[in-house]
Amino acid sequence: MRPMPLPDDGRMTQTLCALLTETWFAADIPEAICERLSSIAELKEYPVGAAVVQEGTACRELGVILSGRIALRLALPGVGEQTILTIDDGDLFGWSALLPESIATSTGVTLVPTTALVFDRDPLMALMAQDCEIASVIYPRVLVAVTRRLQATRTQLLDLYRAGHEPW
Amino acid sequence: MTAPLPVEHEHQSSRAAAHQRPRIGVVKFASCDGCQLTLLDLEDELLAIAEKVDVVEFAEATSRRSGGPFDVLFVEGSISAPEQVEEITRLRAVTKVLVTIGACATAGGIQAIRNWFDHEEIRHAVYPEPRYVESLAMSRPVADFVAVDAELRGCPISPAQLREFLIALVTGRRPQLPDEAVCLECKRRGVVCVAVARGIPCLGPVTKTGCGAICPAYGRGCYGCFGPRESANTASLAAWLSDGRNASDVSRLFTGFTAWSEPFRKIIDAHGGPPRSVPAPTETPDA
Amino acid sequence: MSATSRFLPRADLDRFFTALAADGRRVIGPTVVDGSIVHDELSSFAELPNGWTADTAPGSYRLRATGLDRAFDYNVGVTSWKRFTHPPIIPLTRGRREGGHVVVEPVEAESPRLAFVGVRACELAALRIQDRAMRAGPLGDADHIARGDAALVVAVECATAAGTCFCTSMGTGPEVEDGADIVLSELDDGFVVRIGTDAGADVVDRLDLRPAAPVESERAATQVAAVRAAIGDPVPTDGLPTRLRAALDHPRWAEVAERCLACANCTLVCPTCFCTSVAVASDLDGVEGTTERTWDSCFSLGFGRVAGDANFRPKVRDRYRQWLTHKFSTWWDQFGSSGCVGCGRCIAWCPVGIDVREELKAIAPPGAPSGPIPWPLSPAEGRAPAALAAVAPASHVTATVQGVHFETADTASLQLSTDDPALLAALPGQFVMVELPGFAIPPISVSRILPDGLNLTIRSVGPSTAVLTGLTNGAQVSLRGPLGRGWPIEAAVGRDVVIVAGGIGLAPLRPLIDAIVADRPRFGAVRLYLGARTPRDRLFVAEMNALAGRTDLEVSEIVDRAGPEWLGKVGIVTQLFDHAPWDGTRATAFMCGPERMMTATASTLEHRGVTADNTWLTLERNMACGVGTCGHCQLGPFFVCRDGPVFSLAELGSAFGREGL
């Protein structure tokens with residue numbers, strides 16, 4: 001995880017914004033909002049196998065994948081570590097950072113070299129508190145990410161109760 | 001039910017013969033023996049069956065004894081005494097497929113009516129020297145103590161269902177033991193409904209089929225000896241039967257061989273428990 | 001109908017019997033048995049219920065002596081004529097399985113020569129209605145047709161009305177118009193006799209009867225008019241089919257379910273209910289197997305059960321709703337008439353006296369429909385039999401296993417060889433009934449069609465499928481089919497194609513993929529989205545990888561869960577395309593998988609712009625016959641086996657994904 005240095009001349013913000021709009025995340029986000037968002041963002045590159053977020057520990061960063069793939073894993077009883085969801089370009093991770101207790105609910109590990117736009121929790125919360133338009137684009141996308149997780153979890157539950165081979 | 005069938009699914013019967021025959025046991029707890037007898041009543045097929053299976057324990061039929069292990073164990077009788085709890089637990093551990101047979105094993109039997117009464121009073125009423133006899137406070141179905149893989153209901157069980165079960169066991173198909181009302185049997189056979197045509201109380205609509213609708217065929221109301229079926233709407237039937245009957249009379253209709261099964265038990269409890277008086281002559285369910 | 005009525009004096013009733021019994025006919029007529037008037041074989045008309053009537057009310061039927069010298073002063077008893085045209089138990093097939101060889105043959109249909117005496121107007125209508133339902137497909141109803149055709153029908157026009165009759169409302173009586181060979185109207189001193197057919201004339205001519213006097217014919221007419229007046233019009237039926245289907249969420253369903261015992265009596269006494277099941281039997285060696293067709297009922301829990309222990313109608317409320325809406329609403333879509341004839345048996349013989357007349361008035365009272373109409377009423381003539389594809393006669397074809405390939409730990413593809421032209425002409429999306437003597441008979445989708453055979457990809461979930469996946473080369477199975485309506489490939493020509501498969505759902509889609517790939521230039525962009533439980537549960541991996549390598553197709557896959565070694569996507573299949581940049585309005589979609597997956601996929605596809613009439617899916621249901629006569633696979637107005645299993649979302653409307661339907 002090597003944070004890239006941010007020159008203070010706005011050029012980097014434009015670059016980050018451009019990268020963001022290449023993903024579906026930024027579809028329907030006006031250019032101006034995208035730029036304000038990108039101004040507090042950092043570009044991070046992760047190698048393969050990096051733990052981007054750890055289940056049960058504090059989560060201080062919200063991220064949007066620009067390219068790559070992260071596997072979200074849970075320890076399932078009797079089976080061990082299982083990937084229950086993967087997230088790709090344009091998907092959000094670390095949304096637990098926005099919750100009061102900020103405890104991550106799964107472990108996220110990169111499967112391929114991954115680049116992401118990352119927001120530190122405090123600046124993002126501060127920006128959203130003051131800038132409703134930013135909040136109005138972040139929270140719906142957070143909901144989508146949480147819904148995906150819920151669906152994936154439900155899929156696991158349904159599977160747990162699915163009948164196996166019946167002797168008769 | 002997750003125990004696998006012990007017989008290989010072979011499509012070449014010659015190869016099947018070379019395989020080991022499944023080890024079968026038949027044991028008994030608190031019961032009258034009638035269900036085991038049904039096995040012996042399959043006279044015509046008994047020899048053929050005996051070639052396909054290895055009966056290693058069946059006290060009523062052979063002096064051969066085993067202690068297990070069993071591929072299939074047929075269990076008759078309810079659990080009514082402490083040593084029976086130990087025995088059934090031991091047997092479960094050495095059995096692949098445990099099949100309870102009859103109302104006693106599946107529902108606690110007619111002796112389960114004692115469950116509503118004071119244990120000590122019953123012991124003193126029955127035994128001259130109760131101190132020599134050990135009993136549990138209740139007569140209960142086998143499934144209350146161990147996992148059961150299959151059930152053959154009835155009092156006694158039906159020879160046709162037993163035959164179907166054995167053939168299914170040996171050939172590897174699912175036994176066809178439909179969970180539906182006795183009414184379907186009556187209507188297929190063309191038996192006139194004793195309840196609708198003669199006002200005779202009948203538990204057929206809430207009782208699991210399998211008997212061939214014997215009692216209605218002889219003009220008697222079904223008394224539920226196969227026990228409740230799925231979706232048994234005993235509350236609705238009890239409400240209908242309450243017309244012209246007091247609570248004790250309604251309770252009497254459900255207090256039979258499978259009284260302790262939950263749907264019937266609930267009705268009995270809702271009507272003041274089992275009846276404690278002899279019924280008036282008009283209430284006997286003969287045609 | 002001959003205009004000349006005759007008169008048969010009461011004293012000559014025996015001669016009538018003799019005339020009927022000539023040519024070896026057995027006479028079936030009403031007689032008293034165990035407290036009801038039932039239909040049974042008569043040895044003379046002395047056995048008729050002379051001097052008897054029956055008082056009926058919800059949950060009650062009581063015979064009562066009238067003291068009159070009249071033989072037909074009652075209405076209907078516990079039995080209906082379906083006991084003879086659609087018997088409770090008939091043998092279906094005989095099969096043999098030895099050393100891997102399998103042969104299955106249908107049992108010859110019987111056509112006993114019977115005379116039905118005492119058929120009421122409502123019963124005539126019932127015979128006609130049930131006959132129409134049974135002429136749909138070949139299996140079992142060759143039997144029905146043979147029996148019906150062989151019967152001579154002597155109708156009797158009702159002279160009384162029971163408290164449970166409502167033929168007037170259903171338009172089936174009490175007057176007997178046509179449909180009978182002979183019609184009797186009982187007067188005190190004899191019978192006015194009308195001739196309906198040549199066969200009827202044959203019998204009556206032997207009796208040499210005098211013509212009926214005008215006053216006698218008038219008395220007959222007055223008598224039946226009085227019956228009509230006595231019944232009135234208890235059930236308003238105008239617009240009922242539409243009102244009833246608009247009331248699928250009415251709270252009354254739950255209320256009646258509190259009373260309903262789901263005991264199946266109503267369906268078994270009903271003269272038009274035709275649902276049956278197949279019972280399997282075999283000898284101890286599993287060599288000789290037989291099947292029988294037995295009366296069953298949509299009220300039994302097992303009726304809606306499918307593999308994996310799921311059930312489409314678990315609650316009694318669902319089952320009662322199925323019965324009533326089928327009888328009074330969706331029967332119209334299927335067969336062009338109401339399924340009810342107003343005989344009232346279901347009211348009398350319900351052990352707790354549930355009265356359909358009351359239920360209908362409560363759930364679908366006259367007036368505007370109470371809710372949205374889930375699917376419109378079909379054309380007047382219904383779908384059957386004209387709309388049904390001609391199904392090949394019930395041939396049981398023996399096919400031989402040429403290869404077995406395990407796709408996953410529990411799923412195997414059987415490569416079967418056959419030279420049966422019907423099977424080789426199978427279309428993508430069709431299925432076959434797969435029979436091994438002694439085992440239950442599952443419907444299995446065809447997973448590949450070849451010049452010399454078929455592939456079936458079977459998941460082992462129970463004893464039948466376990467034994468099928470355990471077969472080895474050279475073993476045989478018996479197939480019936482191909483059945484059902486397949487994928488409408490032509491509907492996708494010139495358009496983009498989206499295929500979404502979940503788990504074993506890829507099997508019925510594979511012949512579609514084969515056909516599209518074989519004819520690639522005719523289609524626009526083609527995209528496959530594959531979902532599976534785990535990486536090890538993926539089907540046809542090598543083939544799908546090969547397709548993924550092509551540049552003229554897009555293939556993406558995803559699994560529900562995976563271990564750390566899996567670098568592919570994990571999640572639900574809709575994630576593969578919920579943000580994809582393609583235009584759904586130009587796409588035709590085909591999908592198959594667990595119902596939950598299909599409802600999620602349908603929703604996401606709709607969101608992407610794919611229209612309902614361009615979204616096709618295939619459904620799974622409990623099937624005993626596969627040809628629309630056992631009744632198990634019904635979904636609203638549809639028989640999944642015959643109108644489907646492939647449907648468009650537009651056709652299904654809210655029948656798809658609706659709980660308990």
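Fair warning: this is a prediction, and the values are worked out from it, not measured in the lab. (Residues numbered from 1 in each chain as written. Chains lettered and ligands numbered in written order. Predicted model: local features only at pLDDT ≥ 70, side-chain atom pairs only at ≥ 80, totals over all residues. Heavy atoms only, no water.)

What am I meant to see in the overall build of chain A here?
Summing up its helical and strand segments, chain A has 4 helices and 9 strands in all. Ordered by position in the sequence, the α and β elements of chain A form the string β-α-α-β-β-β-β-β-β-β-β-α-α. The 168 residues of chain A split such that 51% are buried. Contacts spanning at least 24 positions in sequence make up 76% of the contacts within chain A whose residues lie at least 6 apart. Taken as a whole, chain A presents about 8000 Å² of accessible surface, with 58% of it coming from carbon and sulfur. (Helix = DSSP H or I, 4+ residues; strand = E, 2+ residues; numbered from the N terminus. Buried < 20%, exposed > 50% of the residue type's maximum accessible area, 1.4 Å probe, protein only. Contact = heavy atoms within 4.5 Å. Areas by Shrake-Rupley, 256 points an atom, 1.4 Å probe, with all protein chains shown as cover.)

Please clarify how the interface of chain C and chain B should be interpreted in this entry.
A common way to express how large an interface is: the accessible area buried when the components associate. Facing the 61 residues of chain C at the interface are 38 residues of chain B. Between chain C and chain B, roughly 3900 Å² of surface is buried when both sides are summed, and carbon and sulfur atoms account for 57% of that area. Taken as a group, Leu 261, Leu 284 and Pro 463 of chain C account for 18% of the area that chain C buries against chain B, more than any other trio of residues on that side. On the surface where chain C and chain B come into contact, there are 2 salt bridges. Asp 285 of chain C is paired through a salt bridge with Lys 52 of chain B; the nearest N and O atoms lie 2.4 Å apart. The interface formed by chain C and chain B includes 22 residue pairs in polar contact (both at pLDDT 80 or more). At the level of secondary structure, the elements contributing two or more residues to the side of chain C that touches chain B comprise β3 (36-42), β5 (60-65), α9 (252-259), α10 (265-269), β13 (276-282), β14 (288-295), α11 (316-335) and α15 (463-469) of chain C. The biggest single contributor to the side of chain C that touches chain B is β13 of chain C, with 5 residues. Taken together, the residues of the side of chain C that touches chain B break down into 34 nonpolar, 16 polar and 11 charged. (Buried area = accessible area lost by both parts, 1.4 Å probe. Salt bridge = Lys/Arg side-chain N within 4 Å of Asp/Glu carboxyl O. Polar contact = N/O pair within 3.5 Å; in protein donor to acceptor, adjacent residues only side chain to side chain. Nonpolar A, V, L, I, M, F, W, Y, C, P; charged D, E, K, R; others polar.)

Can you help me understand helix α6 (residues 198-205) of chain C in this one?
For the α-helix, the turn length of 3.6 residues means that residues three or four positions removed from each other point alike. Of the residues making up α6 of chain C, those classed as buried are Gly 200, Ala 201, Val 203 and Val 204 of chain C. What you see down the axis of α6 of chain C is that its buried residues fit within an arc of 165 degrees, all on one side. (Arc of directions from axis to C-beta.)

I would appreciate a short explanation of the sheet that holds strand β3 (residues 51-53) of chain A in the present structure.
Within a beta sheet, neighbouring strands are joined by backbone hydrogen bonds and run either parallel or antiparallel to one another. Residue and element names in this part refer to chain A. With antiparallel pairing, 4 strands are arranged side by side in an open sheet as β3-β8-β5-β6. Edge positions in the sheet fall to β3 and β6 (80-87), since each has one partner strand and no second. Strand-to-strand twist in this sheet, taken as the mean axis angle between neighbours without regard to direction, amounts to 35 degrees. By the bridge criterion, 7 bridges tie strand β5 (residues 70-76) to β6 in an arrangement that is antiparallel. Paired with Ile 70 across the strands is Ile 87, a residue of β6. (Pairing = 2+ DSSP bridges. Axes fitted to C-alpha atoms, helices over the stretch in contact; angles between N-to-C directions.)

I tried to follow the packing of aromatic side chains on my own but got confused; where do I start?
Each aromatic ring pair is summarised here by two numbers: the centre-to-centre distance and the angle between the ring planes. Residues and elements named next belong to chain C. According to the stated counting rule, one finds 23 aromatic pairs over all chains in the structure shown. Residues Phe 84 and Phe 116 carry aromatic rings whose centres are separated by 6.0 Å and whose planes lie at 50 degrees to one another, so their mutual orientation is tilted. Separated by 32 residues along the polypeptide, Phe 84 in helix α2 (residues 82-85) and Phe 116 in strand β8 (residues 114-119) bring together distant segments of the chain. Judged by its relative accessible area of 2%, Phe 116 is buried. Three or more aromatic residues link up through ring pairs in this structure, and these residues are Trp 253, Phe 299, Tyr 320 and Trp 323. The ring of Tyr 74 has Arg 120 lying over it, and the distance from NZ or CZ to the ring centre is 5.0 Å. Its end group placed over the ring of Phe 312, Arg 621 keeps NZ or CZ at 3.6 Å from the ring centre. (Phe/Tyr/Trp six-rings, centres within 6.5 Å; stacked < 30°, edge-to-face > 60°. Lys NZ or Arg CZ within 6 Å of the ring centre and 35° of its normal.)

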